[in-house]
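Take a look at the letters that make up each chain.
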Amino acid sequence: MKQNIGYYLLVVLILVSGIVLGSFSVGLLSDAQKQELLNYVELFFSNVRNVNIDSSVVFYTSVLNNLKTALVISLAGLFVISFPLIPAVIFFRGYILGFTVGFLASEFGIKGCIFAAFSILPQNIIIIPVILSIGVTGICFAAAVIKNRKRMDKREYLNMTASYVLLNLGFCLFLILAGLIEGYISPVFIKLFSTYI
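Conventions and cut-offs
Residues numbered from 1 in each chain as written. Predicted model: local features only at pLDDT ≥ 70, side-chain atom pairs only at ≥ 80, totals over all residues. Heavy atoms only, no water. Helix = DSSP H or I, 4+ residues; strand = E, 2+ residues; numbered from the N terminus. Contact = heavy atoms within 4.5 Å. Areas by Shrake-Rupley, 256 points an atom, 1.4 Å probe, with all protein chains shown as cover. Core = buried A, V, L, I, M, F, W, Y, C linked by side-chain atoms within 4.5 Å. Buried < 20%, exposed > 50% of the residue type's maximum accessible area, 1.4 Å probe, protein only. Phe/Tyr/Trp six-rings, centres within 6.5 Å; stacked < 30°, edge-to-face > 60°. Axes fitted to C-alpha atoms, helices over the stretch in contact; angles between N-to-C directions. Parallel < 35°, antiparallel > 145°, perpendicular 65-115°, else oblique. Left-handed = near helix turned anticlockwise from the far one by under 90°. Nonpolar A, V, L, I, M, F, W, Y, C, P; charged D, E, K, R; others polar. Polar contact = N/O pair within 3.5 Å; in protein donor to acceptor, adjacent residues only side chain to side chain. Patch = residues over 30% accessible without salt bridge, like charges linked within 9 Å, V, L, I, M, F, W, Y side chains within 5 Å. Salt bridge = Lys/Arg side-chain N within 4 Å of Asp/Glu carboxyl O. Expected span 1.5 Å × (residues − 1).

**Some remarks on the overall build of the chain**
Here is step 1: Helices and strands together make up the secondary structure of the chain, namely seven helices and zero strands.
Here is step 2: The order of α-helices and β-strands along the chain, N terminus first, is α-α-α-α-α-α-α.
Here is step 3: Along the three orthogonal principal directions, the C-alpha set of the chain runs to about 60 × 35 × 25 Å.
Here is step 4: Considering only contacts within the chain whose residues lie at least 6 apart along the sequence, 82% involve residues at least 24 apart.
Here is step 5: Counting only carbon and sulfur atoms, one obtains 70% of the accessible surface of the chain, whose full area is about 11,500 Å².

**Here's the deal with the nonpolar core**
Here is step 1: Core analysis: the largest hydrophobic core is formed by 24 residues, its most contacted members being Val11, Ile73, Ile86, Ile90, Val130, Ile134 and Leu175.
Here is step 2: Looking at this core, the elements that each hand over two or more residues are α1 (5-25), α3 (55-78), α4 (85-119), α5 (121-147) and α6 (154-184).
Here is step 3: Residues within four places of isoleucine 134 in sequence aside, it is in contact with Ala70, Ile73, Ser74, Asn168 and Phe171.
Here is step 4: Counting residues in each nonpolar core, the second largest holds 16 residues, with Val41, Phe45, Phe99 and Leu104 among its members.

**Focus: the packing of aromatic side chains**
Here is step 1: As enumerated under the stated definition, the model contains six aromatic pairs in all.
Here is step 2: With a centroid separation of 6.3 Å and an interplanar angle of 45 degrees, the aromatic rings of phenylalanine 59 and tyrosine 184 are classed as tilted. Here phenylalanine 59 is found in helix α3, whereas its partner tyrosine 184 is found in helix α6, with 125 residues between them in sequence.
Here is step 3: Every member of this aromatic cluster is reached through a ring pair, and the members are Phe59, Tyr60 and Tyr184.

**Describing the environment of glycine 179**
Here is step 1: With respect to the element layout, glycine 179 can be found in helix α6.
Here is step 2: Among the residues examined, glycine 179 registers a relative accessible area of 0% and is labelled buried.
Here is step 3: As for glycine 179 and valine 58, which are separated by 121 residues in sequence, their C-alpha atoms are 7.8 Å apart.

**Concerning the side chain of asparagine 66**
Here is step 1: For asparagine 66, the location among the structural elements is in helix α3.
Here is step 2: Residue classification places asparagine 66 among the buried residues on the basis of a relative accessible area of 4%.

**Concerning the packing of α3 against α5**
A pair of packed helices is captured by two measures, namely the crossing angle of their axes and the spacing between those axes.
Here is step 1: For the pair α3 and α5, the least separation of the axes is 7 Å and the interaxial angle reads 15 degrees. Considering the angle they form, α3 stands roughly parallel to α5. By crossing handedness, the relation of α3 to α5 is classed as right-handed. Here Asn66, Thr69, Ala70, Ile73, Ser74, Gly77 and Leu78 of α3 come into contact with α5, specifically with Ile127, Ile131, Ile134, Gly135, Gly138, Phe141 and Ala142.
Here is step 2: When its residues are assigned to classes, the contact of α3 with α5 shows eight nonpolar, six polar and no charged.

**Observations concerning the environment of proline 187**
Here is step 1: Tracing the backbone shows proline 187 in helix α7 (residues 186-194).
Here is step 2: Given the relative accessible area of 8%, proline 187 is considered buried.
Here is step 3: Through-space distance from the C-alpha of proline 187 to that of isoleucine 120 is 10.0 Å; in sequence the pair is 67 residues apart.

**Examining the side chain of serine 55**
Here is step 1: Relative to the helices and strands, serine 55 resides in helix α3.
Here is step 2: Separated by 2.9 Å, the side chain of serine 55 and the backbone oxygen of glycine 183 make a polar contact.
Here is step 3: When residues no more than four places from it in sequence are discounted, the contact partners of serine 55 are Gly183 and Tyr184.

**Here we look at a nonpolar patch on the surface**
Here is step 1: Nonpolar side chains collect at one region of the surface, where Leu173, Phe174, Ile176, Leu177, Leu180, Tyr184 and Ile185 lie side by side and expose about 640 Å² of accessible area between them.
Here is step 2: Within the secondary structure, leucine 177 is located in helix α6.

**Here's the deal with α6**
Here is step 1: The end-to-end C-alpha distance of α6, which contains 31 residues, comes to 45 Å, matching closely the 45 Å that a straight helix rising 1.5 Å per residue would cover.
Here is step 2: Within α6, burial applies to Thr161, Tyr164, Asn168, Phe171, Cys172, Leu175, Ala178, Gly179, Ile181 and Gly183.
Here is step 3: Along its buried surface, α6 packs onto α3, α5 and α7.

Set out below in structure tokens:
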């Protein structure tokens, strides 16, 4: 991490930019759009109070979605030419997070902030650093290939690629842990706080 602090600062800046833009985008919604989203959220809250959440489905969905993001970022770095896709994906994840939290805070005030803190934050404490690390790994890999493309032989490239893939697989194990949190812990808070929203 010390060796790639510049890349980490870059991807963190991109993520934060996405979060900030996402939260500001809430204010750009028309009244009709806000009401439509509000109706959807209120319907979700009313349903979640009356039905049992299937934690295994939430777990598999969470893991699948996060692994898809990790795969896109990893492949973008692996194919080198597509590595500019990495900051775009990270920015989009930040935008979605910022918009979601911003909307809850805007419409439900302090209750929305508390709900977001307990239902969205727990798994994202793991997901965000992992996605950022995979992004940095992809950028570093692409940069190393571009820098050494003329003097790198096939064996060296294969070794570097194998290390890259194994490192990203290691990161993905943490996404499974985040899925367990989202599937089996966050729903408890969602049910608990939905009665107060």
